[in-house]
Amino acid sequence: MSSVNTAIQLITREQAEKGAAAKGSTCSPALAKGPWDYDLAEALAGVPAYGPGASSADPAPAGTPRQGQLPEEYKRASDAELGERIRAAKAALGERAVILGHFYQRDEVIQYADFVGDSFQLANAALTRPEAEAIIFCGVHFMAETADILSTLDQAVILPNLAAGCSMADMADADSVEECWEQLAEIFGAEPDAEGRVPVIPVTYMNSSAALKAFCGEHGGIVCTSSNAKTVLEWAFQRGQRVLFFPDQHLGRNTAKALGVPLDQMPMWNPRKDLGGNDEQALLDSRVILWHGFCSVHKRFSVAQIDKARADFPGVQVIVHPECPMEVVDAADSAGSTDFIKKAIAAATEPTTFAIGTEINMVNRLAAEYPQHTIFCLDPVICPCSTMYRIHPGYLAWVLEELVAGRVVNRITVDHNVQANARTALERMLAARP
Ligand code: SF4
(Lines give C-alpha, C1' and ligand atoms only; values in the text may rest on other atoms or scores of the structure.)
Protein backbone atom coordinates (compact mmCIF):
# COMPACT_ATOMS: atom_id res chain seq x y z
CA MET A 1 0.00 0.00 0.00
CA SER A 2 1.25 3.48 -0.75
CA SER A 3 1.08 6.04 2.01
CA VAL A 4 2.68 9.41 1.43
CA ASN A 5 3.39 7.99 -2.05
CA THR A 6 5.41 9.37 -4.87
CA ALA A 7 3.64 12.74 -4.76
CA ILE A 8 5.73 13.70 -1.78
CA GLN A 9 8.88 13.23 -3.82
CA LEU A 10 7.74 15.05 -6.93
CA ILE A 11 9.28 18.40 -6.35
CA THR A 12 12.91 18.44 -5.41
CA ARG A 13 15.72 20.76 -6.11
CA GLU A 14 17.20 18.14 -8.46
CA GLN A 15 13.96 17.97 -10.36
CA ALA A 16 13.80 21.72 -10.71
CA GLU A 17 17.41 21.80 -11.88
CA LYS A 18 17.38 18.88 -14.28
CA GLY A 19 13.77 18.19 -15.04
CA ALA A 20 14.74 14.64 -14.17
CA ALA A 21 12.89 12.00 -12.19
CA ALA A 22 12.67 12.73 -8.50
CA LYS A 23 15.79 11.91 -6.54
CA GLY A 24 14.87 13.54 -3.26
CA SER A 25 15.26 11.67 -0.04
CA THR A 26 12.64 11.70 2.67
CA CYS A 27 13.28 12.48 6.30
CA SER A 28 11.99 9.09 7.41
CA PRO A 29 11.85 5.68 5.73
CA ALA A 30 8.74 5.07 7.82
CA LEU A 31 6.86 7.42 5.49
CA ALA A 32 6.32 4.38 3.27
CA LYS A 33 4.23 2.75 6.01
CA GLY A 34 0.66 3.29 7.11
CA PRO A 35 0.19 5.36 10.28
CA TRP A 36 -1.40 2.35 12.02
CA ASP A 37 2.08 0.89 12.25
CA TYR A 38 2.72 3.72 14.65
CA ASP A 39 -0.55 3.20 16.44
CA LEU A 40 0.53 -0.37 17.05
CA ALA A 41 3.98 0.72 18.18
CA GLU A 42 2.36 3.18 20.56
CA ALA A 43 0.08 0.54 21.94
CA LEU A 44 3.00 -1.81 22.55
CA ALA A 45 5.33 0.80 23.96
CA GLY A 46 2.65 2.67 25.89
CA VAL A 47 4.15 5.92 24.62
CA PRO A 48 2.24 8.27 22.31
CA ALA A 49 4.23 9.22 19.23
CA TYR A 50 3.56 11.56 16.34
CA GLY A 51 4.78 9.12 13.71
CA PRO A 52 7.09 9.67 10.76
CA GLY A 53 7.73 13.15 9.39
CA ALA A 54 8.99 16.50 10.56
CA SER A 55 7.59 16.47 14.08
CA SER A 56 8.25 12.82 14.88
CA ALA A 57 11.16 13.80 17.10
CA ASP A 58 9.04 16.04 19.33
CA PRO A 59 7.79 14.33 22.47
CA ALA A 60 4.04 13.81 22.46
CA PRO A 61 2.57 14.84 25.83
CA ALA A 62 0.90 12.18 27.95
CA GLY A 63 -2.52 13.67 27.24
CA THR A 64 -2.17 13.24 23.48
CA PRO A 65 -5.25 11.30 22.33
CA ARG A 66 -4.72 7.72 21.25
CA GLN A 67 -6.29 6.32 18.16
CA GLY A 68 -7.61 2.82 18.74
CA GLN A 69 -6.61 0.25 16.19
CA LEU A 70 -8.19 0.77 12.80
CA PRO A 71 -10.21 -2.32 11.77
CA GLU A 72 -8.03 -4.69 9.75
CA GLU A 73 -10.17 -4.46 6.61
CA TYR A 74 -9.17 -0.80 6.19
CA LYS A 75 -5.49 -1.51 6.75
CA ARG A 76 -5.50 -4.32 4.20
CA ALA A 77 -7.51 -2.49 1.53
CA SER A 78 -5.68 -1.29 -1.56
CA ASP A 79 -5.67 2.39 -2.49
CA ALA A 80 -8.17 1.63 -5.27
CA GLU A 81 -10.53 -0.20 -2.91
CA LEU A 82 -10.34 2.57 -0.32
CA GLY A 83 -11.07 5.10 -3.05
CA GLU A 84 -14.16 3.18 -4.15
CA ARG A 85 -15.42 2.84 -0.60
CA ILE A 86 -14.83 6.52 0.21
CA ARG A 87 -16.64 7.65 -2.94
CA ALA A 88 -19.54 5.27 -2.28
CA ALA A 89 -19.91 6.39 1.34
CA LYS A 90 -19.68 10.03 0.31
CA ALA A 91 -22.39 9.54 -2.29
CA ALA A 92 -24.61 7.75 0.23
CA LEU A 93 -24.20 10.57 2.75
CA GLY A 94 -24.72 13.36 0.21
CA GLU A 95 -25.32 16.74 1.85
CA ARG A 96 -25.29 15.11 5.29
CA ALA A 97 -21.48 15.19 5.43
CA VAL A 98 -18.85 17.73 4.44
CA ILE A 99 -15.15 16.87 4.16
CA LEU A 100 -12.58 19.57 4.92
CA GLY A 101 -8.95 19.21 3.86
CA HIS A 102 -6.08 21.36 5.15
CA PHE A 103 -3.48 22.73 2.72
CA TYR A 104 -0.86 20.46 4.33
CA GLN A 105 -2.91 17.30 3.94
CA ARG A 106 -1.68 14.57 1.59
CA ASP A 107 -3.20 14.39 -1.90
CA GLU A 108 -4.60 10.88 -1.37
CA VAL A 109 -6.99 12.49 1.11
CA ILE A 110 -7.38 15.96 -0.43
CA GLN A 111 -8.94 14.43 -3.55
CA TYR A 112 -12.09 13.73 -1.50
CA ALA A 113 -12.32 17.15 0.20
CA ASP A 114 -15.25 19.48 -0.43
CA PHE A 115 -13.16 22.43 0.77
CA VAL A 116 -9.38 22.93 0.91
CA GLY A 117 -7.84 25.77 2.92
CA ASP A 118 -6.11 26.83 6.11
CA SER A 119 -7.61 25.98 9.47
CA PHE A 120 -9.70 29.13 9.87
CA GLN A 121 -10.86 29.20 6.25
CA LEU A 122 -12.03 25.62 6.67
CA ALA A 123 -13.90 26.26 9.92
CA ASN A 124 -15.66 29.13 8.15
CA ALA A 125 -16.29 27.00 5.05
CA ALA A 126 -18.15 24.53 7.26
CA LEU A 127 -20.49 27.39 8.27
CA THR A 128 -21.70 27.51 4.67
CA ARG A 129 -23.02 23.93 5.05
CA PRO A 130 -25.43 24.16 8.02
CA GLU A 131 -27.38 21.20 6.65
CA ALA A 132 -24.38 18.89 7.13
CA GLU A 133 -24.76 16.67 10.19
CA ALA A 134 -21.10 15.70 10.11
CA ILE A 135 -18.00 17.79 9.44
CA ILE A 136 -15.05 15.52 8.72
CA PHE A 137 -11.91 17.52 9.36
CA CYS A 138 -8.87 16.12 7.57
CA GLY A 139 -6.44 18.26 9.52
CA VAL A 140 -5.25 18.09 13.12
CA HIS A 141 -6.91 18.17 16.54
CA PHE A 142 -6.93 21.93 17.25
CA MET A 143 -8.53 22.55 13.84
CA ALA A 144 -11.36 20.15 14.61
CA GLU A 145 -11.84 21.88 17.97
CA THR A 146 -12.14 25.27 16.25
CA ALA A 147 -14.69 23.83 13.82
CA ASP A 148 -16.67 22.46 16.77
CA ILE A 149 -16.63 25.89 18.48
CA LEU A 150 -17.93 27.60 15.33
CA SER A 151 -20.40 24.92 14.20
CA THR A 152 -23.94 24.35 15.48
CA LEU A 153 -24.79 22.03 18.36
CA ASP A 154 -26.37 19.52 15.98
CA GLN A 155 -23.24 19.14 13.88
CA ALA A 156 -20.66 16.49 14.78
CA VAL A 157 -17.05 17.36 13.99
CA ILE A 158 -15.03 14.24 13.26
CA LEU A 159 -11.25 13.83 13.21
CA PRO A 160 -10.56 10.63 11.22
CA ASN A 161 -7.47 9.74 13.28
CA LEU A 162 -7.54 10.96 16.89
CA ALA A 163 -3.76 10.84 17.07
CA ALA A 164 -3.51 13.62 14.47
CA GLY A 165 -2.43 16.31 16.93
CA CYS A 166 -0.10 19.25 16.33
CA SER A 167 3.27 19.15 18.02
CA MET A 168 3.37 22.96 18.18
CA ALA A 169 -0.06 23.21 19.80
CA ASP A 170 0.98 20.54 22.30
CA MET A 171 3.98 22.67 23.38
CA ALA A 172 1.68 24.97 25.36
CA ASP A 173 -0.77 23.23 27.69
CA ALA A 174 -3.36 25.03 29.81
CA ASP A 175 -1.68 24.21 33.14
CA SER A 176 1.70 25.61 32.07
CA VAL A 177 0.10 28.79 30.71
CA GLU A 178 -1.94 29.25 33.94
CA GLU A 179 1.24 28.86 35.98
CA CYS A 180 3.06 31.38 33.78
CA TRP A 181 0.13 33.79 34.15
CA GLU A 182 0.26 33.55 37.96
CA GLN A 183 4.00 34.21 38.02
CA LEU A 184 3.57 37.22 35.73
CA ALA A 185 0.73 38.56 37.90
CA GLU A 186 3.03 38.50 40.93
CA ILE A 187 5.56 40.64 39.08
CA PHE A 188 3.27 43.01 37.16
CA GLY A 189 0.28 43.23 39.49
CA ALA A 190 -3.13 43.95 37.97
CA GLU A 191 -3.26 47.76 37.84
CA PRO A 192 -3.53 49.49 34.46
CA ASP A 193 -1.03 52.26 33.60
CA ALA A 194 -1.93 55.96 33.14
CA GLU A 195 -3.22 55.20 29.64
CA GLY A 196 -5.54 52.47 30.93
CA ARG A 197 -3.45 49.61 29.51
CA VAL A 198 -3.41 46.43 31.60
CA PRO A 199 -0.01 44.88 32.42
CA VAL A 200 -0.25 41.99 29.93
CA ILE A 201 -2.57 40.71 27.21
CA PRO A 202 -2.52 37.00 26.29
CA VAL A 203 -2.47 36.26 22.55
CA THR A 204 -2.73 32.72 21.25
CA TYR A 205 -2.04 31.52 17.74
CA MET A 206 -4.89 29.63 16.10
CA ASN A 207 -2.61 26.57 16.38
CA SER A 208 -3.45 25.98 20.03
CA SER A 209 -5.93 23.99 22.06
CA ALA A 210 -9.46 25.25 22.67
CA ALA A 211 -8.51 25.55 26.35
CA LEU A 212 -5.90 28.18 25.49
CA LYS A 213 -8.27 30.09 23.25
CA ALA A 214 -10.70 30.06 26.19
CA PHE A 215 -7.91 31.26 28.51
CA CYS A 216 -7.41 34.25 26.24
CA GLY A 217 -11.15 34.94 26.07
CA GLU A 218 -11.35 34.89 29.85
CA HIS A 219 -8.32 37.14 30.43
CA GLY A 220 -8.99 39.95 27.96
CA GLY A 221 -6.95 38.28 25.23
CA ILE A 222 -7.38 37.29 21.64
CA VAL A 223 -6.58 34.68 18.97
CA CYS A 224 -4.50 35.34 15.84
CA THR A 225 -3.78 33.57 12.58
CA SER A 226 -0.62 33.89 10.52
CA SER A 227 -2.60 36.22 8.21
CA ASN A 228 -3.72 38.71 10.85
CA ALA A 229 -0.99 38.45 13.54
CA LYS A 230 0.17 42.05 12.93
CA THR A 231 -3.32 43.50 13.32
CA VAL A 232 -3.92 41.40 16.41
CA LEU A 233 -0.65 42.50 18.06
CA GLU A 234 -1.54 46.13 17.38
CA TRP A 235 -4.95 45.48 18.97
CA ALA A 236 -3.21 44.00 22.00
CA PHE A 237 -0.71 46.88 22.34
CA GLN A 238 -3.61 49.34 22.41
CA ARG A 239 -4.98 47.53 25.46
CA GLY A 240 -1.91 46.19 27.19
CA GLN A 241 1.60 47.24 28.14
CA ARG A 242 2.92 43.92 26.87
CA VAL A 243 1.83 40.67 25.27
CA LEU A 244 2.22 37.05 26.30
CA PHE A 245 2.34 35.23 22.94
CA PHE A 246 1.93 31.45 22.64
CA PRO A 247 2.64 28.82 21.45
CA ASP A 248 4.78 29.81 18.40
CA GLN A 249 7.82 31.87 19.32
CA HIS A 250 8.69 32.42 15.64
CA LEU A 251 5.38 33.91 14.54
CA GLY A 252 5.44 36.10 17.67
CA ARG A 253 9.00 37.26 17.12
CA ASN A 254 8.68 37.84 13.36
CA THR A 255 5.47 39.82 13.80
CA ALA A 256 6.64 41.91 16.75
CA LYS A 257 9.95 42.66 15.01
CA ALA A 258 8.05 43.89 11.94
CA LEU A 259 6.17 46.23 14.28
CA GLY A 260 9.47 47.63 15.58
CA VAL A 261 9.71 45.81 18.91
CA PRO A 262 13.44 45.38 19.76
CA LEU A 263 14.63 41.79 20.20
CA ASP A 264 15.89 42.52 23.72
CA GLN A 265 12.30 43.30 24.70
CA MET A 266 11.13 39.83 23.65
CA PRO A 267 12.23 37.40 26.35
CA MET A 268 11.45 33.71 25.87
CA TRP A 269 9.30 31.86 28.41
CA ASN A 270 10.48 28.31 29.00
CA PRO A 271 7.66 26.60 30.92
CA ARG A 272 10.09 24.19 32.55
CA LYS A 273 11.97 26.99 34.34
CA ASP A 274 11.08 29.37 37.14
CA LEU A 275 10.02 32.75 35.70
CA GLY A 276 10.37 31.02 32.35
CA GLY A 277 14.16 31.21 32.72
CA ASN A 278 14.16 35.03 32.97
CA ASP A 279 15.03 37.52 35.66
CA GLU A 280 12.33 39.82 36.92
CA GLN A 281 13.76 42.93 35.28
CA ALA A 282 13.80 41.34 31.82
CA LEU A 283 10.10 40.59 32.21
CA LEU A 284 9.35 44.10 33.49
CA ASP A 285 11.17 45.57 30.48
CA SER A 286 9.46 43.26 28.01
CA ARG A 287 6.99 44.15 25.26
CA VAL A 288 6.35 40.59 24.06
CA ILE A 289 6.96 37.45 26.10
CA LEU A 290 7.42 34.56 23.67
CA TRP A 291 6.43 31.02 24.56
CA HIS A 292 9.07 28.37 23.88
CA GLY A 293 7.11 26.66 21.09
CA PHE A 294 7.75 26.06 17.40
CA CYS A 295 6.57 24.15 14.35
CA SER A 296 8.89 21.26 13.54
CA VAL A 297 8.11 21.53 9.84
CA HIS A 298 8.94 25.23 9.50
CA LYS A 299 11.90 25.03 11.88
CA ARG A 300 13.68 22.93 9.24
CA PHE A 301 14.14 25.87 6.85
CA SER A 302 17.49 27.63 6.98
CA VAL A 303 19.41 30.60 5.59
CA ALA A 304 21.85 28.14 3.99
CA GLN A 305 18.97 26.67 1.96
CA ILE A 306 18.02 30.17 0.78
CA ASP A 307 21.64 30.94 -0.14
CA LYS A 308 21.79 27.71 -2.17
CA ALA A 309 18.51 28.45 -3.93
CA ARG A 310 19.78 31.93 -4.88
CA ALA A 311 23.10 30.51 -6.12
CA ASP A 312 21.41 27.75 -8.15
CA PHE A 313 18.53 29.83 -9.50
CA PRO A 314 19.49 33.49 -10.01
CA GLY A 315 16.35 35.61 -9.74
CA VAL A 316 14.50 33.02 -7.63
CA GLN A 317 11.70 34.40 -5.47
CA VAL A 318 11.95 33.02 -1.94
CA ILE A 319 8.70 33.02 0.02
CA VAL A 320 8.51 31.53 3.50
CA HIS A 321 5.89 31.07 6.19
CA PRO A 322 6.21 33.26 9.34
CA GLU A 323 6.48 30.11 11.49
CA CYS A 324 10.05 29.92 10.12
CA PRO A 325 12.92 31.24 12.29
CA MET A 326 13.55 35.00 12.14
CA GLU A 327 16.85 34.67 10.22
CA VAL A 328 15.03 32.73 7.49
CA VAL A 329 12.21 35.26 7.27
CA ASP A 330 14.79 38.07 7.09
CA ALA A 331 16.70 36.32 4.28
CA ALA A 332 13.56 35.58 2.22
CA ASP A 333 12.03 37.95 -0.32
CA SER A 334 8.71 37.80 1.47
CA ALA A 335 6.95 35.94 4.24
CA GLY A 336 3.31 35.24 4.86
CA SER A 337 0.56 32.77 5.56
CA THR A 338 -0.39 29.87 3.29
CA ASP A 339 -2.99 32.17 1.73
CA PHE A 340 -0.32 34.84 1.14
CA ILE A 341 1.95 32.29 -0.53
CA LYS A 342 -0.86 31.06 -2.79
CA LYS A 343 -1.82 34.61 -3.78
CA ALA A 344 1.79 35.65 -4.44
CA ILE A 345 2.23 32.77 -6.89
CA ALA A 346 -1.17 33.37 -8.50
CA ALA A 347 -0.23 37.03 -9.03
CA ALA A 348 2.98 36.28 -10.97
CA THR A 349 2.28 37.12 -14.62
CA GLU A 350 5.66 35.97 -16.02
CA PRO A 351 7.16 32.46 -15.64
CA THR A 352 9.01 32.64 -12.32
CA THR A 353 11.09 30.35 -10.14
CA PHE A 354 9.77 30.17 -6.58
CA ALA A 355 11.52 28.54 -3.63
CA ILE A 356 8.92 28.02 -0.92
CA GLY A 357 9.45 27.56 2.79
CA THR A 358 6.37 25.69 3.89
CA GLU A 359 4.96 22.16 4.11
CA ILE A 360 5.73 19.88 1.16
CA ASN A 361 2.19 18.79 0.30
CA MET A 362 1.16 22.38 -0.25
CA VAL A 363 4.29 23.13 -2.30
CA ASN A 364 3.66 20.10 -4.52
CA ARG A 365 0.06 21.15 -5.10
CA LEU A 366 1.12 24.70 -6.04
CA ALA A 367 3.70 23.28 -8.47
CA ALA A 368 1.02 21.16 -10.13
CA GLU A 369 -1.45 24.05 -10.24
CA TYR A 370 1.00 26.52 -11.81
CA PRO A 371 3.06 24.54 -14.37
CA GLN A 372 4.16 27.80 -16.03
CA HIS A 373 6.35 28.45 -12.96
CA THR A 374 9.16 26.43 -11.41
CA ILE A 375 8.12 25.90 -7.81
CA PHE A 376 10.09 23.85 -5.31
CA CYS A 377 10.46 23.40 -1.59
CA LEU A 378 13.47 25.10 0.01
CA ASP A 379 14.22 21.97 2.02
CA PRO A 380 15.77 19.29 -0.23
CA VAL A 381 14.93 16.57 2.31
CA ILE A 382 11.24 15.96 1.86
CA CYS A 383 9.46 16.04 5.17
CA PRO A 384 5.69 16.40 5.59
CA CYS A 385 3.85 17.43 8.72
CA SER A 386 3.89 14.09 10.50
CA THR A 387 0.76 14.77 12.49
CA MET A 388 -1.29 15.69 9.42
CA TYR A 389 0.16 12.57 7.77
CA ARG A 390 -1.75 10.42 10.24
CA ILE A 391 -5.00 11.03 8.35
CA HIS A 392 -4.68 8.14 5.92
CA PRO A 393 -7.48 7.31 3.43
CA GLY A 394 -8.08 4.15 5.50
CA TYR A 395 -9.24 6.29 8.45
CA LEU A 396 -11.36 8.47 6.16
CA ALA A 397 -13.08 5.40 4.70
CA TRP A 398 -13.71 4.07 8.22
CA VAL A 399 -15.34 7.25 9.64
CA LEU A 400 -17.47 7.69 6.51
CA GLU A 401 -18.72 4.10 6.47
CA GLU A 402 -19.49 4.32 10.17
CA LEU A 403 -21.58 7.43 9.44
CA VAL A 404 -23.44 5.58 6.70
CA ALA A 405 -24.18 2.87 9.28
CA GLY A 406 -25.55 5.55 11.63
CA ARG A 407 -22.56 5.62 14.00
CA VAL A 408 -20.48 8.71 14.78
CA VAL A 409 -16.89 7.82 15.64
CA ASN A 410 -13.99 10.10 16.63
CA ARG A 411 -16.22 13.07 17.44
CA ILE A 412 -14.35 16.10 18.79
CA THR A 413 -16.40 17.94 21.40
CA VAL A 414 -15.29 21.09 23.17
CA ASP A 415 -16.74 21.67 26.64
CA HIS A 416 -19.57 24.23 26.72
CA ASN A 417 -17.79 26.74 29.02
CA VAL A 418 -14.55 26.41 27.10
CA GLN A 419 -16.48 27.04 23.89
CA ALA A 420 -18.03 30.25 25.22
CA ASN A 421 -14.71 31.79 26.28
CA ALA A 422 -12.88 30.57 23.18
CA ARG A 423 -15.57 32.10 21.01
CA THR A 424 -15.06 35.43 22.81
CA ALA A 425 -11.35 35.39 21.85
CA LEU A 426 -12.19 34.41 18.27
CA GLU A 427 -14.81 37.16 17.99
CA ARG A 428 -12.29 39.73 19.23
CA MET A 429 -9.99 38.58 16.45
CA LEU A 430 -12.71 38.95 13.83
CA ALA A 431 -13.52 42.45 15.10
CA ALA A 432 -9.88 43.62 15.29
CA ARG A 433 -9.11 46.15 12.56
CA PRO A 434 -5.74 47.32 11.21
S1 SF4 B 1 2.70 22.11 10.09
FE2 SF4 B 1 3.46 22.54 12.17
S3 SF4 B 1 1.95 23.93 13.10
FE4 SF4 B 1 0.98 22.98 11.27
S5 SF4 B 1 -0.12 21.19 12.09
FE6 SF4 B 1 1.92 20.47 11.44
S7 SF4 B 1 3.20 20.63 13.34
FE8 SF4 B 1 1.33 21.84 13.67
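Residues numbered from 1 in each chain as written. Predicted model: local features only at pLDDT ≥ 70, side-chain atom pairs only at ≥ 80, totals over all residues.

Named according to an unreviewed UniProt entry, the protein chain is Quinolinate synthase originating from Pseudarthrobacter defluvii. Under the UniProt heading Sequence similarities (unreviewed entry), the note attached to the protein chain is "Belongs to the quinolinate synthase family. Type 3 subfamily." Under the heading Function (unreviewed entry), UniProt records this for the protein chain: "Catalyzes the condensation of iminoaspartate with dihydroxyacetone phosphate to form quinolinate." (UniProt positions renumbered as here; feature names shortened; annotations may be inferred.)

**Details of the UniProt feature "binding site: iminosuccinate" (unreviewed entry) in the protein chain**
When the UniProt feature table is mapped to this numbering, "binding site: iminosuccinate" (unreviewed entry) covers His 102, Ser 119, Tyr 205, Met 206, Asn 207, Ser 226, His 321, Pro 322, Glu 323 and Thr 338. Within the secondary structure, Asn 207 sits in the loop between strand S5 (201-205) and helix H9 (210-218). Apart from residues no more than four positions distant in its own chain, Asn 207 is found in contact with Phe 142, Cys 166, Met 168, Ala 169, Pro 247 and Asp 248. Note that Pro 322 resides in the loop between strand S10 (317-320) and helix H14 (326-331). Taking the number of C-beta atoms within 10 Å as the measure of exposure, Pro 322 has 26 and is therefore buried. (Helix = DSSP H or I, 4+ residues; strand = E, 2+ residues; numbered from the N terminus. Contact = placed C-beta atoms within 7 Å. Buried ≥ 20, exposed ≤ 12 C-beta atoms within 10 Å, placed from the backbone.)

**Some details on the sheet that holds strand S9 (residues 288-291)**
Taken together, five strands build an open sheet; the order of strands is S6-S5-S7-S9-S8 and the sheet is parallel. With one partner strand each, in any of the chains shown, strand S6 (222-224) and strand S8 (268-269) form the two edges of the open sheet. Of the strand pairs in this sheet, S5 and S6 are connected by three bridges, and their pairing is parallel. Residue Tyr 205 lies in a different strand from S6, and its bridge partner there is Cys 224. (Pairing = 2+ DSSP bridges.)

**Let's talk about the site of the ligand**
With respect to spatial proximity, 14 residues lie near the ligand, and among them Cys 166, Met 168, Cys 295, Val 297 and Cys 385 are the closest. Here the shell around the ligand is built from residues that sort into eight nonpolar, five polar and one charged. (Near = placed C-beta within 6 Å. Nonpolar A, V, L, I, M, F, W, Y, C, P; charged D, E, K, R; others polar.)

**Section: helix H8 (residues 174-188)**
In a regular helix each residue adds 1.5 Å, so 15 residues correspond to 21 Å; H8 covers 21 Å between its end C-alpha atoms and thus fits that length. The set of residues buried in H8 consists of Ser 176, Val 177, Cys 180 and Leu 184. Along the axis of H8, the buried positions cluster into a sector of 95°, meaning they face one direction only. Along H8, the residues that are exposed and aim more than 90 degrees away from the buried face are Asp 175, Glu 182 and Glu 186. Buried positions along H8 lie against H9, strand S7 (243-246), S8 and helix H12 (280-284). A positive phi of about 70° marks Gly 189, the residue just after H8. (Expected span 1.5 Å × (residues − 1). Arc of directions from axis to C-beta.)

**Things to note about the UniProt feature "binding site: [4Fe-4S] cluster" (unreviewed entry) in the protein chain**
What UniProt calls "binding site: [4Fe-4S] cluster" (unreviewed entry) maps, in this numbering, to Cys 166, Cys 295 and Cys 385. Across 220 residues of sequence, these annotated residues stay compact in space, with a maximum C-alpha separation of 9.2 Å. Mapped onto the elements, Cys 166 comes out in the loop between strand S4 (156-158) and H8. When neighbours within four sequence positions are excluded, Cys 166 is seen to be in contact with Val 140, His 141, Phe 142, Asn 207 and Thr 387. Locating Cys 385 in the fold gives a position in the loop between strand S13 (374-377) and helix H17 (393-404). In contact with Cys 385, other than residues within four places in its own chain, are Gly 53, Ala 54, Ser 55, Tyr 104, Val 297 and Glu 359.

**Structural notes on unusual backbone geometry**
Of note, the bond from Phe 246 into Pro 247 is cis; its omega dihedral lies within 30 degrees of zero at -10°. Positioned with a positive phi, Leu 275 is a non-glycine residue whose angle comes to about 50°. Topologically, Leu 275 is positioned in the loop between S8 and H12. For Leu 275, a count of 17 C-beta atoms within 10 Å puts it in the partly exposed group. Despite not being glycine, Asn 410 shows a phi value in the positive range, around 55°. For Asn 410, the location among the structural elements is in the loop between H17 and helix H18 (416-431).

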